[in-house]
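Coordinate inspection notes
Okay, here's what each chain looks like letter by letter:
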Amino acid sequence: MEAAAEPVLYHKLQLWDPSMESEEEEQEEVETSEPLVTYSMRPQHTSGNKVGWLPGAWARLGAALLLLAVSCFLAVRQLQSRSGSTGSLNNVALPASGHSHHTGVYHHSAIVSPAATCSQLGQKLLVAGGNVVDAGVGAALCLAVVHPHATGLGATFWGLYHNSSSGNSTALTPGPAQLLAPGLGLPTALPALYLLHAHFGHLPWPHLLVNPIMLAQEGFVVDTALAKALAAQDTKRLCPLFCHADGTPLGFGARATNPKLADVLRRAALAPTPDLAGDALLSLLARELGLEKPATGPMPTLEPTLQLSMPEGILFTTPGPSAGPELLALLKAALHSKDHSPDPCPPPPQAAGTPVSSILATVDSSGSMFLLTSSLNSSFGSGHVSSSTGVVLNNLVAASAASAWACPLILRGSLDDSEADVLGLVASGAPKVATATTHSLLSLLAEPQTQTQTQHQHHGQQGPTESSSTCGQQTTLQVAAHAEHAHVSAVPKGCCPFQGF
């Protein structure tokens, strides 16, 4: 007698529903993910699924094969659908956050610079997988195009980089000022930026130059800062690059191009070493000025930082001949005095002798940060725009080689704690930037709730405390890492756009 056919029980198949994807995105903040097609692991007992006409063994085998075929079909269809809807990685939107942030607070990383275009470029490099050095160097190359009055390939650069993983800090030093010709400083920007990227960057070097090349070749919009500088400058030597056809300077909203600079950047993108990054530029300049190719002296280098132990942690800054040593001397004096309140701001200069400089800062939520400051010495430097390269040359000579305009600082809560809070400050526009930076730092630390004491909340993130105490026309960029978030701000408010994600 044949055995009675046993009932076959099916697993209930839970199909994907569009609402599941929205729920997944909302929960992404806690980094959970749901499979594309979810299967119930427990049998669903339903009396209506009996198949009595198949033998028991064959019934179970047939049902299993049928279920497997349907499941595979649905999974393949769903994967194809999702693949077609996402497109390339470049088009993927930033992940939605499960909690809100105040202005200037970002979950991953951020950048602040004087030009909105360059802050946006820095953000794109961060989203593409770049680190703070990639974003900072890319933004500096962008500023070389859109802010030729304050920085550029003819400028001198000082930098400060802090690696949160190792706890190490490194300073970029430009080397002594050298003359290309009387009144014209030797450009060292390309070797300096290449050197930084070669040691600390993640993205390929040519990737950082793509957008600056495009801006120089296809054009960029003159912003308020450049328009003001052009209006205050004798533009006779800056024409035709920064002038209308009638010789008047370009104004706000006008479109400018610099195709010769784009050519120099293209050559730099192919350079295999820091020295060769600047060689093409020097060769073109020497030929234009009727000079033999200059024998370059000491070039930009990476050096150990100066350090100072403070009650709040360890402070890092750039070595001489920057204003870093002066900054440390001022802070030591403040620490040894009974009154730690900041000294009054230095008096404004009697003459227009304040060096013009450009600053930017990048930070990630782990505490790595990069501060960069550069200068042509004065607005548009020497006023000489190279006809063969589109580069504005600096007029930094021996008398101005002390770099009193440069003293970025980084304050880390503890070298032993990998999750310690980190604060960075970089300033420009002050006649004595060391005194002004000391004033800003002490004012910030004296406030009852500093940036490093901010409370992190699940449904909101308290923004960084902005130091409202600045000196004269000083601009200060402030970045910090706290509670696994990146904080950025600028004083005066609205002077420097920031971007992050």
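Refer to the preceding data block for the structure.
Below is a summary of the structure that appears in this document. For clarity, every value in this text was computed on a predicted model and none was experimentally measured.

1. Comments concerning the overall build of the protein chain
Summing up its helical and strand segments, the protein chain has 11 helices and 20 strands in all. A burial count over the protein chain gives 48% of its 501 residues as buried. Here the analysis covers contacts within the protein chain between residues at least 6 apart in sequence; of these, 74% occur between residues at least 24 apart.

2. Things to note about the sheet that holds strand β4 (residues 109–112)
Within the open sheet, the seven strands sit side by side as β11-β6-β5-β15-β14-β4-β20. Their pairing is antiparallel. For this open sheet the edge positions go to β11 (301–304) and β20 (498–500), each flanked by a neighbour on one side alone. Recorded for the sheet is a direction-independent mean angle of 15° between the axes of neighbouring strands. Where strand β14 (residues 356–364) meets strand β15 (residues 369–377), eight bridges bridge the pair, whose relative direction is antiparallel. For serine 357, the partnering residue across the bridge sits in β15 and is serine 375. Taken strand by strand, helix α4 (residues 132–146) contacts β4, β5 (156–162), β14 and β15, and its axis lies near 155° from that of β14.

3. Here we look at the state of the cysteines
Scanning all chains against the criterion turns up two disulfides. The thiol of cysteine 496 is not disulfide-bonded; the next cysteine sulfur, from cysteine 495, is found 3.1 Å away.

4. Topic: the nonpolar core
In this structure, Val137, Leu141, Val146, Leu153 and Leu372 are the most contacted members of the largest nonpolar core, which totals 74 residues. With 12 residues, α4 is the single largest residue contributor to this core. Residues within four places of leucine 372 in sequence aside, it is in contact with Gly136, Ala140, Phe157, Trp158, Gly159, Leu172, Leu193, Leu196, Ser358, Ile359, Leu360 and Val426. Residues Phe316, Ile359, Leu477 and Ala486 belong to the second largest nonpolar core, which totals 22 residues.

5. With respect to unusual backbone geometry
In this model, cysteine 239 is joined to proline 240 through a cis peptide bond whose omega is 5°. Residue proline 321 follows glycine 320 across a cis peptide bond; omega there is 10°. Residue position: proline 321 is located in the loop between β13 (313–317) and α10 (324–336). Although it is not a glycine, asparagine 377 adopts a positive phi angle of roughly 90°. Along the chain, the position of asparagine 377 falls in strand β15.

6. Quick look at the packing of α10 against helix α11 (residues 433–446)
Here α10 crosses α11 at 45°, and the two axes come no closer than 9 Å. Compared by their axis directions, α10 and α11 come out oblique. Of the two elements, α10 crosses α11, and the hand of that crossing is right-handed. Residue-level contacts link Glu326, Leu327, Leu330, Leu331 and Ala334 of α10 to Ala434, Thr435, Thr437, Thr438, Leu441 and Leu442 of α11.

7. Some words on helix α7 (residues 224–231)
Among the residues of α7, Leu226, Ala227, Ala229 and Leu230 are the ones counted as buried. All buried residues of α7 lie within an arc of 165° about the axis, which places them on one face of the element. More than 90 degrees from the buried face of α7, the exposed residues found are Lys228 and Ala231. On its buried side, α7 packs onto α4 and β9 (220–221).

Conventions adopted
- Residues numbered from 1 in each chain as written.
- Predicted model: local features only at pLDDT ≥ 70, side-chain atom pairs only at ≥ 80, totals over all residues.
- Heavy atoms only, no water.
- Helix = DSSP H or I, 4+ residues; strand = E, 2+ residues; numbered from the N terminus.
- Buried < 20%, exposed > 50% of the residue type's maximum accessible area, 1.4 Å probe, protein only.
- Contact = heavy atoms within 4.5 Å.
- Pairing = 2+ DSSP bridges.
- Axes fitted to C-alpha atoms, helices over the stretch in contact; angles between N-to-C directions.
- Disulfide = S-S within 2.5 Å.
- Core = buried A, V, L, I, M, F, W, Y, C linked by side-chain atoms within 4.5 Å.
- Parallel < 35°, antiparallel > 145°, perpendicular 65-115°, else oblique.
- Left-handed = near helix turned anticlockwise from the far one by under 90°.
- Arc of directions from axis to C-beta.

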